[in-house]
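A structural walkthrough
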Amino acid sequence: ALDGPAALDVLVSGAGTGLDFPFLPRRHNYVALDLTAAMQARSGRRKQGLNLDWVLGDSMALPFAGDSFDRVVLHLILAVVPQPERCLAEAARVLNFKRLNLALQADSSTFRVFVDHHAVSIVIDELQCRAELHRAVAVQRVERLAEETG
């Protein structure tokens, strides 16, 4: 998704400690976003050679106007944010190229799927359903534990 000779404006949402930075093509302009300044401080040595600016912010409420970026990188952030559907919706909002290249990691395998902007809502609906299911299972477990302990 970062191929091609032209320089792109790329958001790395949930950049963390910058473990991805050494693998990013040098020709693009990057904005790395994370929730804490501590992550920014830890990533400093990894940004060597990248045109990269840091922004403190929330991946579920991006501080950018719509259509601001050519690409958005969401590497493992969907697994750690409380509302992954909001994170994905925000990524779609700031993309000016209304087609997403989603790289979904499961265990050691990476799966790529191309979806158009309309299909993003389907993915978001699926994530919301999964989140509701996980909440329902958690509530059942708590209720069962409460019954068992009297």
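Everything in this summary refers to the structure shown in the same document. Every value quoted in this text rests on a predicted model; they were computed, and no experiment measured them.

1. Regarding the pattern of salt bridges
Inspection of the entire model under this criterion finds 1 salt bridge. One salt bridge connects Glu90 with Arg93, and the closest N-O pair in it is separated by 2.9 Å. Residue Glu90 and its partner Arg93 are both found in helix α2 (residues 84–94); the two are separated by 3 residues, about one turn of the helix. Residue classification places Glu90 among the buried positions, given a relative accessible area of 14%.

2. What to know about the sheet that holds strand β2 (residues 29–34)
On the basis of which strands lie adjacent, the open sheet formed by 4 strands has the order β3-β2-β1-β4 and parallel pairing. A strand with exactly one partner marks an edge of an open sheet, and here the two such strands are β3 (51–56) and β4 (71–73). Looking at each pair of strands side by side, their axes are set apart by 20° on average, direction ignored. Two elements, strand β1 (residues 9–13) and β4, share 3 bridges in a ladder whose sense is parallel. Residue Leu11 lies in a different strand from β4, and its bridge partner there is Val72.

Reading guide: rules and limits
Residues numbered from 1 in each chain as written. Predicted model: local features only at pLDDT ≥ 70, side-chain atom pairs only at ≥ 80, totals over all residues. Heavy atoms only, no water. Salt bridge = Lys/Arg side-chain N within 4 Å of Asp/Glu carboxyl O. Helix = DSSP H or I, 4+ residues; strand = E, 2+ residues; numbered from the N terminus. Buried < 20%, exposed > 50% of the residue type's maximum accessible area, 1.4 Å probe, protein only. Pairing = 2+ DSSP bridges. Axes fitted to C-alpha atoms, helices over the stretch in contact; angles between N-to-C directions.

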